[in-house]
Amino acid sequence: MSDTTLSIGSLEAGPGTKVRGSVRADLGTLTADIPLTLVNGTRPGPRVVITAGVHGGEFTPIDAVVRLADRLEPGEVSGQVIICPVANPNAVYQGRLNVSPVDGVNINRVFPGDPDGGPTERLAAWLFANLVDGADVYVDLHCGGIDQVLRDFVGYRLTGDPDLDKATAELAGSFGIEDLMIGLNADGGNSHAAAARRGISAVLVEVGELGQRDGATARRRVDGLFRALRHLGVLDPDDSAPAPIREWVWSAGVTAEATGLWYPEFSFDADVIGEVAEGDVLGRIIDPTDGTEHTVHAPAGGRIIYGMHGLTVAPGTELAALAIPWDPDTAPSPDTLSVPGMGRGSDEADPRP
Ligand SMILES: [Zn+2]
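The shown structure was predicted, so the numbers you read here are calculated from the model rather than taken from an experiment.

Criteria and cut-off values
Residues numbered from 1 in each chain as written. Predicted model: local features only at pLDDT ≥ 70, side-chain atom pairs only at ≥ 80, totals over all residues. Heavy atoms only, no water. Helix = DSSP H or I, 4+ residues; strand = E, 2+ residues; numbered from the N terminus. Rg over C-alpha atoms; globule rule 2.2 N^0.38 Å. Lys, Arg positive; Asp, Glu negative; His and termini not counted. Charge placed at Lys NZ, Arg CZ, Asp CG, Glu CD. Buried < 20%, exposed > 50% of the residue type's maximum accessible area, 1.4 Å probe, protein only. Pairing = 2+ DSSP bridges. Phe/Tyr/Trp six-rings, centres within 6.5 Å; stacked < 30°, edge-to-face > 60°. 1 Å grid on protein atoms, 1.4 Å probe; cavity = no way out; pocket = protein on both sides within 12 Å on 5 of 7 lines; lining within 4 Å. Points joined across faces, edges and corners; volume = space filled by probe spheres on them. Nonpolar A, V, L, I, M, F, W, Y, C, P; charged D, E, K, R; others polar. Salt bridge = Lys/Arg side-chain N within 4 Å of Asp/Glu carboxyl O. Axes fitted to C-alpha atoms, helices over the stretch in contact; angles between N-to-C directions. Parallel < 35°, antiparallel > 145°, perpendicular 65-115°, else oblique. Left-handed = near helix turned anticlockwise from the far one by under 90°. Contact = heavy atoms within 4.5 Å.

J.: Teacher, can you tell me more about the overall build of the chain here?
T.: Secondary structure assignment for the chain yields six helices and 19 strands. Against the compact-globule benchmark of 20 Å for 353 residues, the chain has a radius of gyration of 20 Å, which places it among compact chains. Based on the C-alpha atoms only, the size of the chain along its principal axes is roughly 70 × 50 × 40 Å. Distance between charge centroids for the chain: 6 Å, based on 26 positive and 50 negative side chains.

Printed below as a string of structure tokens:
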């Protein structure tokens, strides 16, 4: 039996125990109570940190990890699992958006945070210092926002460390989600990118869209988490076959350049979100004042991985993110690949490679 007590702030889980509670994070002008479940296994193994609720309006991830926390038994666990169902309580409970109502900051642009910054930057720093930094593996769960359609995918970043990149690629492929989005470097303020820069095997898991919180999607997500935990050796293996994967890289992000009403011309039907060629019309933004029409073209070809479903948009609103199949032999280098039109964006994937 492992003899290591698992501690986060004032929460402690001895070997072979599961503890639920919350730990208060001091954000300068306010505090946040971060809910946590600590599952301390009876055998040695990796420490896996799983977060949901990094963004508001993304319900399925929260639903899924609470179900996971209920079902994980410490007697069946090798290593330690730390589950945080609501990593950003202000954004989750006081809003429905990816920016926090506290300061207007998208936390998934500022990781690993700043302990002397504004409240959201401090929260990011707290999450890193208390949860992520001690992890061997980090899984951050998101979905399309309440106004976003999205194809399920797992994203990860290349770091240049071949062993880490291989382990992360295998982890990414273990969730039973077919589409893997590969970021060609680990730059930027996404949680999984910042963790990867610290040598942690880190993935972004995106399942669900449009503010849905149906049980079937949550169960699909929980099933994927169990698969990943078996892959990692945290849970005993079973006889389920590995699922097929397809690897992609981002080819473009498209942001609105006008204020108005968005009429996309690509399909949002499940499983037929379209492929487009460079220059294709993606949709139109109509000014309700005078009917002026602003046509939006695809700056590059690719498959639409997620897109704006909401009607009202403003300059900078992310309209679509496109990806192309990954081919290591012909892929552009991280230094030369530029993604036109990437604005501040509403995504969690950060298609900037
Ligand atoms: Zn998100």
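J.: Looking at this structure, I do not really get unusual backbone geometry. What am I missing?
T.: With the exception of glycine, most residues fall at negative phi, and the peptide bonds are largely trans. Going from Phe111 to Pro112, the amide bond is cis rather than trans, its omega being 10°. Turning to its location among the elements, Pro112 is positioned in the loop between α2 (89–93) and α3 (119–132). For Leu210, which is not glycine, the phi dihedral falls at a positive 55°. Counting through the fold element by element, Leu210 comes out in the loop between β11 (201–206) and α6 (215–231). Residue class for Leu210 comes out partly exposed when judged on its relative accessible area of 25%.

J.: Help me out: how do you make sense of the sheet that holds strand β18 (residues 312–313) in this one?
T.: Within a sheet, neighbouring strands are paired by backbone hydrogen bonds and run either parallel or antiparallel to one another. On the basis of which strands lie adjacent, the open sheet formed by four strands has the order β16-β15-β13-β18 and antiparallel pairing. Edge strands, defined here as strands with exactly one partner in the open sheet, are β16 (293–297) and β18. Examined bridge by bridge, strand β13 (residues 260–264) and strand β15 (residues 281–286) share four bridges and lie antiparallel to one another. Residue pairing in the sheet places Tyr263 in a bridge with Arg284 of β15.

J.: Mind showing me how you'd approach the packing of aromatic side chains here?
T.: Aromatic ring pairs are reported here in terms of the distance separating the ring centres and the angle at which the planes meet. For the structure shown, the criterion picks out three aromatic pairs. Relative to Phe128, the ring of Phe111 lies with its centre 5.5 Å away and its plane at 40°, an arrangement referred to as tilted. Here Phe111, found in the loop between α2 and α3, pairs with Phe128, found in helix α3; they are 17 residues apart in sequence, far enough to count as distant. In terms of burial, Phe111 and Phe128 fall into one category: buried. Considering the side-chain rings of Trp250 and Tyr306, the 5.8 Å spacing of their centres and the 75° angle between planes classify their relative orientation as edge-to-face. Taken together, the residues span a long stretch of sequence, with Trp250 in strand β12 (residues 246–255) and Tyr306 in strand β17 (residues 302–308) at a distance of 56 residues. Following the ring pairs from residue to residue traces out a cluster consisting of Phe153, Trp250 and Tyr306.

J.: Looking at this structure, I do not really get empty space enclosed by the protein. What am I missing?
T.: With a probe scaled to a water molecule rolled over the atoms, the places where space remains empty come into view. Here the structure, examined in full by the defined rule, presents two cavities of 30 Å³ or more. In this structure, the second largest cavity spans a volume of roughly 50 Å³. Lining the second largest cavity are Leu27, Asn88, Asn90, Ser100, Val102, Pro119, Thr120 and Leu123. No other element matches α3, which puts three residues into the lining of the second largest cavity. For the lining of the second largest cavity, the residue count by class is four nonpolar, four polar and no charged.

J.: It is not clear to me how the pattern of salt bridges should be interpreted in this structure. Could you clarify?
T.: Opposite charge on two side chains makes pairing possible when the charged atoms of those side chains draw close. For the structure on display, the rule yields 15 salt bridges. Notably, a salt bridge pairs Arg67 with Asp63, separated by 2.9 Å at the nearest N-O pair. With a gap of four residues between them, Arg67 and Asp63 both fall in helix α1 (residues 59–71), about one helical turn apart. What makes Arg67 partly exposed here is its relative accessible area of 29%. Between Arg303 and Glu275 there is a salt bridge, with its nearest N and O atoms 3.1 Å apart. Of the two residues, Arg303 sits in strand β17 while Glu275 sits in strand β14 (residues 275–276), which places them 28 residues apart along the sequence. On the basis of relative accessible area, Arg303 is assigned to the buried category, the value being 15%. The exposure class of Glu275 is exposed, given its relative accessible area of 58%. If you follow the salt bridges from partner to partner, you end up with Arg151, Glu178, Asp179 and Arg246 in one network.

J.: Please clarify how the packing of α1 against α6 should be interpreted in this entry.
T.: Geometrically, a packed helix pair is captured by the angle between its two axes and the distance between the axes. At a closest axis distance of 8 Å, the pairing of α1 and α6 adopts a crossing angle of 55°. What the angle tells us is that α1 and α6 run oblique. Crossing geometry of α1 relative to α6 is assigned as right-handed. Contacts from Thr60, Pro61, Asp63, Ala64, Val65, Arg67, Leu68 and Arg71 in α1 reach Gly215, Thr217, Ala218, Arg219, Arg221, Val222, Leu225, Phe226 and Leu229 in α6. Considered class by class, the residues forming the contact of α1 with α6 number nine nonpolar, three polar and five charged.

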